[in-house]
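Analysis of the macromolecular model
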Amino acid sequence: MNKMIKLTTRLIFLMFFAKTSLPHNHMGGLAEGLFKFVQEGTMYLAEEPPDQINIHSEYDFIIVGAGAAGSVIANRLTQIPEWRVLLIEAGERENYALDIPILALYLQFTDVNWKYKSVPNNNVCLSMENKQCPFARGKVMGGSTSINLMISSRGHRRNYDEWEEMGNTGWGYKDVLPYFRQIEDMTIAEFAIDEKYHSTGGEVTISYVPHRTALADTFIQGGKEMGYRFIDYNGETQIGFSYLQTFTRNGTRLSASRAFLHPIKYRTNFHVKKKSFVTKIMINPRTKTAYGVEFVCDSKRYIVRAKKEVILSAGAVNSPQLLMLSGIGPKKHLNELNIPVIQDLKVGYNFMDHPTMIPATFLINQSVSLTIEDLLNDKNTLHKFTHFHSGPFSIPAACEGIAFFDSKNLTNPDGDPNMELALFSSAIGADIVLYKMVGLSDEFYKSVFKSIKDAHSFSIAPILVRPKSRGRITLKSSNPYKKPLIYYDFFENPQDLEDMVFLIKKALELSKTPAFQKFGTKFHDIPVPGCEHHKFGSDDYWKCAARHVCTCAWHICGTCKMGPFWDPDAVVDPRLRVYGVNGLRVVDASIMPVVPAAHTALPTMMIAAKAADFVKHDWGK
């Protein structure tokens, strides 16, 4: 725990400087760098739209949630000067500590995370504390884009063509690609020249990380030795290996708030209400028309009216929760909680995420990985970041590489990826702090990882990006302050378990390439407790291990499914209007009918940009 205390002390040191005004000439060296970094952070905070003290009683549009979707749609709707827009966020303003990429996973411990957990079951998360897997969700301006790993990926073109084939007219790849390009500012020169797939000048800066360990290059070389190409996975094809493309600008995090809300701070038709918890959508039960929202701020209750629409962008957990609390959801479930039913819809169903295994850990015989010990003891690392925004602190959660595979057609470079490997240049599970973040129990840590906590090692995380299993979100009670219940068995569909075993073997195959073997790479092969009765390395062993240590990639989506009128499971139509209720849309990852093979932040921003055009068109703009 001493390392955790040291790291926390460093963060407190940063925060201390942010709240004081020490003269510049009293500092030197490291302190000067910290002062410079805090000055930048203070500047960013000053650029964030302020918390509106005196709000109007009525706006044209009320947007709930300032995350990936809410930030984008607020930006686009306020382009119409005569429309007054209120954006409501449950969290508070961003903190400059959020901008340090290496700390991304540590942010899950803080109050900027909703800290949701799955309901325990006997099939998955068996080595987690209380058999519960954590689901991180951002509770801050920028939402989950302020605490995630900053990975920029769109998914495959067939993902969106599938949406259209399901009856969602206008959501094929040809329809969504212009919106991906609209919001993009591609700074990777060799990709920016491909104007069919990329653009510059948008709000979202896409860049490589300014620092790489030797393991990043090894990952690319290992992929080539396995027969895969180096790719632009946001370009024409996705099968292959790549360095991470990230939402970073000048080596620091670029959240949706910084990208889309900071530039519109001074729009007079735009108000933001922070630390405000929406408890209900106000709906006229006779006309079935949404006319406003109820929210609580500083223990005071407010009701604000919407002349045109209420737009839910609260995310795939909070949006369905708020719909059900307001009487929109499964009739039987709402009746059980004595919530008057306004519209019977399959809200909360179709829950999806990308199952991932606690990264396979590999020991190496050279000091090329990142360890807490090195980061704390090497003053140059912090110096490089505070002065130049480079060095190891600029690597998002130590994640450096990404690879996509099509398990059905491994040799097709234009395959439809259903699997992903992510390289972490550190041992995630062995980190004495992070093992708690991923939910592992103390017993598991002591048995498997404690012995290598100071060893140089790296991790490869297998991720299923096209899972077949589905879960569900329900209300715990009619009390809006009670967290909803998340039911999700990652391997409800047995094919997902088979695919995870296949992907684990891919990670092991990669570790045995000559590129990795030059570091004496050796798999950390202590058996998972509870799986010792299986032959180590057999398919049965890996299936058992997956049930114990698989968790979520925090790409939650699908719970307010988009679909045509004839789809009995649809909650919103292809223009994202809630069926049977006027003046109400859902615009966030919850509308995804099927999760794409992507880290969902970028697709969510695309959805919001496209939805803004729907709104403008529907209201004659």
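Refer to the structure printed above.
Here the structure is a predicted model, which is why all the values come from computation and not from measurement. (Residues numbered from 1 in each chain as written. Predicted model: local features only at pLDDT ≥ 70, side-chain atom pairs only at ≥ 80, totals over all residues. Heavy atoms only, no water.)

1. Here's the deal with the pairing of strand β17 (residues 360-363)
On any regular strand, side chains alternate: one points to one face of the sheet, the next to the other face. As judged from the 4 bridges shared by β17 and strand β20 (residues 457-464), these two strands associate in the antiparallel manner. Along β20, the bridge assignment pairs Ala 360 with Ile 460. With 2 bridges joining them, β17 and strand β23 (residues 522-523) adopt antiparallel strand pairing. Residue pairing in the sheet places Leu 363 in a bridge with Lys 522 of β23. (Pairing = 2+ DSSP bridges. Helix = DSSP H or I, 4+ residues; strand = E, 2+ residues; numbered from the N terminus.)

2. Brief notes about unusual backbone geometry
Glycine aside, residues mostly have negative phi, and peptide bonds are mostly found in the trans state. The phi dihedral of Lys 115 falls on the positive side, at around 60°, and the residue is not glycine. For Lys 115, a relative accessible area of 35% gives the class partly exposed. Unlike most non-glycine residues, Asn 350 shows phi in positive territory, near 60°. Take Asn 350: it is sitting in the loop between β15 (343-344) and β16 (355-357). Judged by its relative accessible area of 15%, Asn 350 falls in the buried class. (Buried < 20%, exposed > 50% of the residue type's maximum accessible area, 1.4 Å probe, protein only.)

3. What about the nonpolar core?
Formed by 192 residues in total, the largest nonpolar core has its most connected members in Leu 77, Leu 323 and Leu 584. Residue contacts for Leu 77: discarding those within four places in its chain leaves Phe 61, Ile 63, Trp 83, Val 85, Ile 311, Ala 612, Val 615 and Lys 616. Leu 34, Leu 45, Leu 376 and Ile 395 belong to the second-largest nonpolar core, a separate cluster that totals 18 residues. (Core = buried A, V, L, I, M, F, W, Y, C linked by side-chain atoms within 4.5 Å. Contact = heavy atoms within 4.5 Å.)

4. Re the pairing of strand β6 (residues 204-208)
Here β6 lies mainly inside the structure; 5 of its 5 residues are buried. Neither face of β6 is open: one carries Val 204, Ile 206 and Tyr 208, the other Thr 205 and Ser 207, and all of them are buried. Bridge count for strand β5 (residues 184-186) against β6 is 3 bridges, and the pairing is parallel. Counterpart to Glu 184 in the pairing with β6 is Val 204. Strand direction decides the pairing type here: β6 and strand β8 (residues 245-249), joined by 3 bridges, are antiparallel. Residue pairing across strands places Ile 206 opposite Phe 247, the latter belonging to β8.

5. Digging into empty space enclosed by the protein
Summed over all chains, the structure comprises 4 cavities of 30 Å³ or more. In this structure, the second largest cavity is lined by 21 residues; those nearest its centre are Ile 358, Pro 359, Ala 360, Phe 523 and Trp 542. Elements with a minimum of two residues in the lining of the second largest cavity: β17, α14 (442-449), β20, α15 (494-511) and α17 (539-549). For the lining of the second largest cavity, the leading source of residues is α17, giving 4 residues. In terms of residue class, the lining of the second largest cavity is built from 19 nonpolar, 2 polar and no charged. (1 Å grid on protein atoms, 1.4 Å probe; cavity = no way out; pocket = protein on both sides within 12 Å on 5 of 7 lines; lining within 4 Å. Points joined across faces, edges and corners; volume = space filled by probe spheres on them. Nonpolar A, V, L, I, M, F, W, Y, C, P; charged D, E, K, R; others polar.)

6. Side note on the packing of aromatic side chains
Considering all chains together, one arrives at 31 aromatic pairs under this definition. Relative to Tyr 116, the ring of Trp 114 lies with its centre 5.9 Å away and its plane at 10°, an arrangement referred to as stacked. Across the pair, exposure class does not vary: Trp 114 and Tyr 116 are buried alike. Both rings, one in Tyr 228 and one in Phe 241, keep their centres 5.8 Å apart while their planes meet at 40°; by these two values the pair is tilted. Of the two residues, Tyr 228 sits in the loop between α7 (214-225) and β7 (240-243) while Phe 241 sits in strand β7, which places them 13 residues apart along the sequence. Across the pair, Phe 241 and Tyr 228 agree in class, each one buried. Through a chain of ring-to-ring contacts, three or more aromatic side chains come together here, namely Phe 362, Phe 458, Phe 516, Phe 523, Phe 536, Tyr 541 and Trp 542. Of note, Arg 212 hangs over the ring of Tyr 243, and the distance from its end group to the ring centre comes to 3.5 Å. Lying across the ring of Trp 619, Lys 308 places its NZ or CZ 5.6 Å from the centre. (Phe/Tyr/Trp six-rings, centres within 6.5 Å; stacked < 30°, edge-to-face > 60°. Lys NZ or Arg CZ within 6 Å of the ring centre and 35° of its normal.)

7. Description of the environment of Thr 356
Take Thr 356: it is sitting in strand β16. What makes Thr 356 buried here is its relative accessible area of 9%. Between the C-alpha atom of Thr 356 and that of Phe 180, which follows or precedes it by 176 residues, the distance is 26 Å. In this structure Thr 356 touches Ala 461, Pro 462, Ile 463, Met 500, Val 549, Cys 550, Thr 551, Cys 552 and Ala 553, once residues within four positions along its chain are discounted. Within polar-contact distance, the side chain of Thr 356 engages the backbone oxygen of Pro 462 at 3.0 Å. (Polar contact = N/O pair within 3.5 Å; in protein donor to acceptor, adjacent residues only side chain to side chain.)

8. Focus on the side chain of Glu 48
If you trace the backbone, Glu 48 turns up in the loop between α2 (30-47) and β1 (58-64). A polar contact is formed between the side chain of Glu 48 and the side chain of Lys 274, at a distance of 2.5 Å. Apart from residues lying up to four places away in sequence, Glu 48 is in contact with Arg 93, Glu 94, Met 141, Ser 257, His 262, Lys 265 and Lys 274.

9. So, the sheet that holds β5
If you walk across this open sheet you meet the 4 strands as β5-β6-β8-β9, and the pairing is mixed. What marks the edges here is a single partner per strand, and that holds for β5 and β9 (252-253).

10. Some thoughts on the state of the cysteines
Overall, the coordinates contain 2 disulfides when judged by the stated rule. Disulfide pairing places Cys 125 opposite Cys 133 at an S-S distance of 2.1 Å. Taking the sign of the torsion about the S-S bond as the criterion, the disulfide between Cys 125 and Cys 133, at about -115°, is left-handed. As far as burial versus exposure is concerned, Cys 125 and Cys 133 are alike and both buried. Disulfide pairing is shown between Cys 531 and Cys 544; the S-S distance is 2.1 Å. On the sign convention where negative is left-handed, the bridge of Cys 531 and Cys 544, at about -85° about the S-S bond, is left-handed. Linking Cys 531 in the loop between β23 and α17 with Cys 544 in helix α17, this pair joins segments that are 13 residues apart in sequence. (Disulfide = S-S within 2.5 Å.)

11. Considering helix α12 (residues 379-388)
If you check which residues of α12 are buried, you get Thr 381, Leu 382, Phe 385, Thr 386 and His 387. Once α12 ends, the next one or two residues include His 389, with phi positive near 55°.

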